[in-house]
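Chain by chain, the residues:
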Amino acid sequence: QVQLVESGGGSVQAGGSLRLSCAASGGTSSTYAMGWFRQAPGKGREFVAAIIWSYGTTYYADSVKGRATISRDNAKKTVYLQMNSLKPEDTATYYCAYGSRRLLPRSSGEYDYWGQGTQVTVSS
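**Q** Honestly, the overall build of the chain in this entry has me stumped. Any pointers?
**A** Counting its regular elements, the chain contains 0 helices and 11 strands. In summary, the chain has a C-alpha radius of gyration of 13 Å against a globular reference of 14 Å for 124 residues, a match within 12%. The dimensions of the chain, computed from C-alpha atoms along their principal axes, are 40 × 25 × 25 Å. For the chain, with 124 residues in total, the buried portion stands at 44%. Restricting the contact set of the chain to residue pairs at least 6 apart, pairs at least 24 apart contribute 56%. Here the chain has roughly 6,200 Å² of accessible surface; of this, 44% comes from carbon and sulfur atoms. Across the chain, 13 positive and 8 negative side-chain charges occur, with their mean positions spaced 4 Å apart.

**Q** Please clarify how the sheet that holds strand S1 (residues 2–7) should be interpreted in this entry.
**A** Pairing between the strands of a sheet is mediated by backbone hydrogen bonds and can be parallel or antiparallel. Reading across from one edge, S1-S3-S8-S7 is the order of the 4 strands in this open sheet, with antiparallel pairing throughout. Of all strands in the sheet, those bounded by a partner on one side alone are S1 and strand S7 (68–73). Strand-to-strand twist across the sheet, computed as the mean angle between neighbouring axes with direction ignored, equals 15°. With 6 bridges connecting them, S7 and strand S8 (residues 78–83) associate as antiparallel partners. Of the residues in S8, the one forming a bridge with Ala68 is Met83.

**Q** Even after reading the chapter, I still don't get the nonpolar core, so can you show me in this structure?
**A** Across soluble globular proteins, nonpolar side chains show a tendency to be buried alongside one another. Leu4, Met34, Trp36, Ile70, Val79, Leu81 and Tyr94 are the most contacted members of the largest nonpolar core, which totals 37 residues. Residue assignment for this core shows that the elements contributing at least two residues are S1, strand S3 (18–26), strand S4 (33–39), strand S5 (46–52), S7, S8, strand S9 (92–99) and strand S11 (118–123). Of all the elements, S5 adds the most residues to this core, at 6 residues. In contact with Leu4, other than residues within four places in its own chain, are Cys22, Ala23, Ala24, Met34, Cys96, Ala97, Tyr98, Tyr113, Trp114, Gly115 and Gln116.

**Q** Just to check I follow, could you spell out the packing of aromatic side chains for this structure?
**A** By convention here, two paired aromatic rings are described through the distance between centres and the angle between planes. All told, the structure shown has 5 aromatic pairs when counted by the stated rule. Centroid distance Phe37 to Phe47: 5.6 Å. Interplanar angle 70°. Geometry classified as edge-to-face. Here the residue Phe37 occupies a position in strand S4, and Phe47 occupies one in strand S5, the gap between them amounting to 10 residues. A residue is classified by how much of its surface remains accessible, and Phe37, at 1% relative accessible area, is buried. Here the aromatic residues Phe37, Phe47, Tyr111 and Trp114 are joined through ring pairs into a cluster of three or more.

The rules behind each value
Each chain carries its own residue numbering, running from 1 in the direction its sequence is written. Restriction of local features to residues with pLDDT of at least 70 applies here, the model being predicted, together with a cutoff of 80 or more for giving and counting side-chain atom pairs; totals for whole chains, interfaces and linings are based on all residues. With hydrogens and water set aside, each side-chain value is computed from the structure's full complement of heavy atoms. Strands are runs of DSSP state E lasting at least 2 residues, helices are runs of H or I lasting at least 4, and numbering of each runs from the N terminus. Atoms counted for the radius of gyration: C-alpha only. Globule rule: 2.2 Å times the number of residues to the power 0.38. The cut-offs for exposure are 20% and 50% of the maximum accessible area for each residue type, with area from a 1.4 Å probe on protein chains only; residues under the lower value are buried, those over the upper are exposed, and the others partly exposed. The contact rule is simple, with two residues in contact once any of their heavy atoms fall within 4.5 Å. Where accessible areas are quoted, they stem from the Shrake-Rupley method and a 1.4 Å probe; at the residue level, only the protein chains shown are allowed to cover. His residues and chain termini do not enter the charge count, which takes Lys and Arg as positive and Asp and Glu as negative. To locate a charge, take NZ of a lysine, CZ of an arginine, CG of an aspartate or CD of a glutamate. For two strands to be treated as a pair, DSSP must find at least two bridges joining them. Only C-alpha atoms enter the line fits that serve as axes; for helices the fit covers just the stretch in contact. Angles between N-to-C directions range over 0 to 180 degrees. Throughout this description, the term nonpolar core refers to a set of buried Ala, Val, Leu, Ile, Met, Phe, Trp, Tyr and Cys residues connected via side-chain atoms within 4.5 Å. Any pair of Phe, Tyr and Trp rings, taking the six-membered ring for Trp, is counted once the centres come within 6.5 Å. Such a pair is stacked with planes under 30 degrees apart, edge-to-face with planes over 60 apart, and tilted for the rest.

Given below as structure tokens:
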């Protein structure tokens, strides 16, 4: 069993920045990938970014490409999402996801564990 704890959400004005963190604990000996998804009210969960743990390969949604950076700290088993130039449309609950086997990084159904979510609100 893997536990994921997200932090770093909050309220910012458009153009601001936030860094989200997600710490994994428990059975994390075989991490394949970790990712971030988001869900706005009334909408489905959408892919934001993912990182393949061993190689550091990263993937981004077009909507955040150039504004977001996903990174990892293997010693801390933590993944980060740096979001810059935030827009009101980035407002959502952001979820961390963990996958222990080879997966399609952009597909939410491929991940094994999920965090509780952290709220990001961007005001205009």
